[in-house]
Amino acid sequence: MVHVTQVDERGCAVSGDSSQEIDMLLGRMKSAAAPIRDVLKDLHTRLVANYEGRIADYIPELATASPDSFGIALCTTDGQIVEYGDYKTSFTIQSVSKPFMFGLAIGDHGLDHVLSKVGVEPTGEAFNSIVLDEVSNRPYNPMVNSGAIATADLVKGKDYPERVKRMVEMFSRYCGREVFVDNTVFMSERMTGHRNRAMAHLMRNFDMMSEKFEEALELYFQQCSILVNAHDLSVMGATLANGGLNPLTKIRAIESENVKYLLSIMMSCGMYDYAGEWAFRVGIPAKSGVAGGIVAVVPGVLGIGLYSPLLDIKGNSVRGVKACQELSQKFSLHAFESSAAASKILELFSFKKR
Ligand code: GLN
C-alpha cells in the first residue's frame, strides 16, 4: 500500500495509506467544516457592508490599506483551519505583537524581573499616552506603547541584529512559517514615531530602560512592522490556545507555564480603552493593532484571526470587534460561560443533576 500525504483545500496536510482513504478523509474534513464555513460566510457577508470607522493614517504607510478588506480565520488546537474573505491579505501586525513580545521577555528574564520594568494594570488611557505609574515609574502594562517599548528593551541578544533575529524567529514559530518585516512601514514608523521616542527618553530618564533604549525603540518599530494575514493570526491564537505548541508544526513557540500571563494581560488590557467592555461582552482574551488585525484566543479550543482596517474611535477594527462579539455569543465562547466551565470540573465529582 502506498502512503500518501495530500493537502486539502485549506492547506491542511492529510495522510493516509491509499488515495481512496485520502479522498474519504478529505471528504469527512470538508463536511465537518461546512457548517462553520457557512457561519463565517454569513458573518462576512453581513459585516463587509459596514463601512463605519476610519483607516489609521498617523503612520502614513498604513493609510494605503483598502477599506473593503475583511478576512476571518479560525484555527483549532488540533490544526483545522476554516477561513473566509481576505484572510490572505497582508498587513502589519502592529500592537498585536505586544503580548507575544511580553512572552519573549518573560522567557528571557523570568516574570519578576519583567514586572519590575512594566506593570500589569489597565490604564483607561489611549495606547499612546505618555503616562507612567507615579510610584514605581513603570509603564502601566505591556499593551500600551510605553510598556511595549520597555518590554522590547528586555529582549536578549548579543547585538542588535541578533535581537531582531530572535524576535522574527519567535513570530515565525507562532505563525508556522517564516515571517518578514515590511521595510516601508518600518521606515514610516521610525520617521514619524516622535511620540514613542519621547516615551523611551522619559523611561530612560527614570532608569526604566537600559542605555540601549534607542536600540529597543528600533526593535519595537520592527516588531510592529512584521507582515501577517488573518490566517497567520488564527494560527498564532491557536498556538496560545494550545498551551504554546503550534498545532500545525508542533513546534513550541512559548513555554506552557507562561501562556497564562499573555492571556490574562490580553483579557484585561488587549483591546485598548475598550478592554473592560470587551472582557464583559466578548470574554475572550484578544489583542488588536492599528493596521486592523485582531487575534483572539479561546483556550483549549481555537484561535481567531481577523483583519479589517476600518477602526473605531478606540482604535479597534469595527468589523473585527463585531465578528468576535457574534462568534462569542453564538458559540458561548465567553470565558465565564458557567455551563462550559462547570461541566469540566463536575466531571471529576460524582455530581448528579437534579
Ligand atoms: N506601531 C504603532 C505605534 O507605535 C502600534 C500601535 C498600535 O497598534 N496600537 O503607534
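Note that the coordinates shown come from a computational prediction; the quantities given were computed from them, not determined experimentally.

Structural notes on the overall build of the protein chain
Now for step 1: Of regular secondary structure, the protein chain possesses 13 helices and nine strands.
Now for step 2: Counting across all 354 residues of the protein chain, residues that qualify as buried make up 47%.
Now for step 3: By sequence separation, contacts in the protein chain at least 24 residues apart represent 66% of the contacts at least 6 residues apart.

Observations regarding the pairing of strand S4 (residues 81–85)
Regular strands have side chains that alternate between both faces of the sheet.
Now for step 1: Taken across its five residues, S4 has five buried, putting it largely inside the fold.
Now for step 2: Pairing analysis gives five bridges linking strand S3 (residues 71–76) to S4, with the strands arranged antiparallel. Looking at the pairing, isoleucine 72 lines up with tyrosine 84 of S4.
Now for step 3: Counting the residues that bridge the hairpin from S3 to S4 gives four residues, and of these glycine 79 lies at a positive phi of roughly 85 degrees.

Section: the packing of helix H7 (residues 194–205) against helix H8 (residues 213–224)
Now for step 1: Packing of H7 against H8 brings their axes to within 10 Å, and their N-to-C directions diverge by 145 degrees. Between H7 and H8 lies a crossing of right-handed hand. Every residue of H8 that contacts H7 at Asn196, Arg197, Ala200 and Arg204 is listed here: Phe213, Ala216, Leu217 and Tyr220.

Some thoughts on the packing of helix H2 (residues 98–109) against helix H4 (residues 145–152)
Now for step 1: The contact between H2 and H4 brings their axes to 9 Å, and the two run at 35 degrees. With respect to the hand of their crossing, H2 and H4 are arranged in left-handed fashion. Here H2 contributes Lys98, Met101, Phe102 and Ala105 to the contact with H4, which in turn contributes Ala148, Thr151 and Ala152.
Now for step 2: A breakdown of the residues in the contact of H2 with H4 according to their chemical character gives five nonpolar, one polar and one charged.

Focus on helix H5 (residues 160–175)
Now for step 1: The first and last C-alpha atoms of H5 sit 23 Å apart over 16 residues, in line with the 22 Å expected at 1.5 Å per residue.
Now for step 2: If you check which residues of H5 are buried, you get Arg163, Met167, Met170, Phe171, Arg173, Tyr174 and Cys175.
Now for step 3: Structurally, H5 contributes buried residues whose contacts are with H2, H8, strand S6 (227–228) and helix H9 (230–241).
Now for step 4: Of the residues trailing H5, glycine 176 is marked for its positive phi of about 75 degrees.

Here's the deal with the site of the ligand
Now for step 1: As a matter of local geometry, the ligand sits amid Gln94, Ser95, Phe127, Asn128, Asn145, Glu189, Asn196, Cys224, Gly289, Val290 and Gly315.
Now for step 2: A class-by-class count of the residues in the shell around the ligand yields three nonpolar, seven polar and one charged.
Now for step 3: Taken together, domain 1 (30–92 + 226–349) and domain 2 (96–224) each give at least three residues to the shell around the ligand, which thus spans both.

Thoughts on the sheet that holds strand S8 (residues 293–298)
Now for step 1: Strands sit in the order S4-S3-S9-S8-S7 across an open sheet of five strands; the sheet is antiparallel. Single-partner strands in this sheet number two, and they are S4 and strand S7 (286–288). Across the sheet, the axes of successive neighbouring strands diverge by a mean angle of 10 degrees, strand direction being ignored.
Now for step 2: Pairing of S3 with strand S9 (residues 302–307) involves six bridges; the strand directions are antiparallel.

Points about the nonpolar core
Now for step 1: Ile72, Ile149, Ala216, Tyr220, Ala286, Leu306 and Cys324 are the most contacted members of the largest nonpolar core, which has 98 residues in total.
Now for step 2: Domain assignment of the residues forming this core places at least three in each of domain 1 (30–92 + 226–349) and domain 2 (96–224).
Now for step 3: Those residues in contact with alanine 216, other than ones at most four positions away along the chain, are Ile149, Ala152, Asp153, Ala200 and Met209.

Points about the environment of tyrosine 58
Now for step 1: Turning to its location among the elements, tyrosine 58 is positioned in the loop between helix H1 (19–47) and S3.
Now for step 2: Measuring from C-alpha to C-alpha, the distance between tyrosine 58 and glycine 193 comes to 9.3 Å, with 135 residues separating the pair along the chain.

What about H9?
Turn by turn, an α-helix covers 3.6 residues, leaving residues three or four places apart pointing in a common direction.
Now for step 1: With 12 residues, H9 extends 16 Å between its outermost C-alpha atoms, agreeing within 8% with the 16 Å of an ideal straight helix rising 1.5 Å per residue.
Now for step 2: With respect to burial, H9 is a largely interior element, 12 of its 12 residues being buried.
Now for step 3: Taken together, the buried positions of H9 are occupied by Ala230, His231, Asp232, Leu233, Ser234, Val235, Met236, Gly237, Ala238, Thr239, Leu240 and Ala241.
Now for step 4: One or two steps after H9, the chain reaches glycine 243, where phi turns positive at roughly 70 degrees.

Observations regarding the confidence of the model for the protein chain
Now for step 1: Per-chain confidence: the protein chain averages 89 in pLDDT, with 86% of residues scoring 70 or above.
Now for step 2: In this model residues 1–17 is a low-confidence stretch, pLDDT under 50, and it forms 33 contacts with partners more than four residues away in sequence or in other chains.

Thresholds applied
Residues numbered from 1 in each chain as written. Predicted model: local features only at pLDDT ≥ 70, side-chain atom pairs only at ≥ 80, totals over all residues. Helix = DSSP H or I, 4+ residues; strand = E, 2+ residues; numbered from the N terminus. Buried ≥ 20, exposed ≤ 12 C-beta atoms within 10 Å, placed from the backbone. Contact = placed C-beta atoms within 7 Å. Pairing = 2+ DSSP bridges. Axes fitted to C-alpha atoms, helices over the stretch in contact; angles between N-to-C directions. Left-handed = near helix turned anticlockwise from the far one by under 90°. Nonpolar A, V, L, I, M, F, W, Y, C, P; charged D, E, K, R; others polar. Expected span 1.5 Å × (residues − 1). Near = placed C-beta within 6 Å. Domains from an automatic or database assignment. Core = buried A, V, L, I, M, F, W, Y, C linked by C-beta atoms within 7 Å. pLDDT = per-residue confidence, 0-100.

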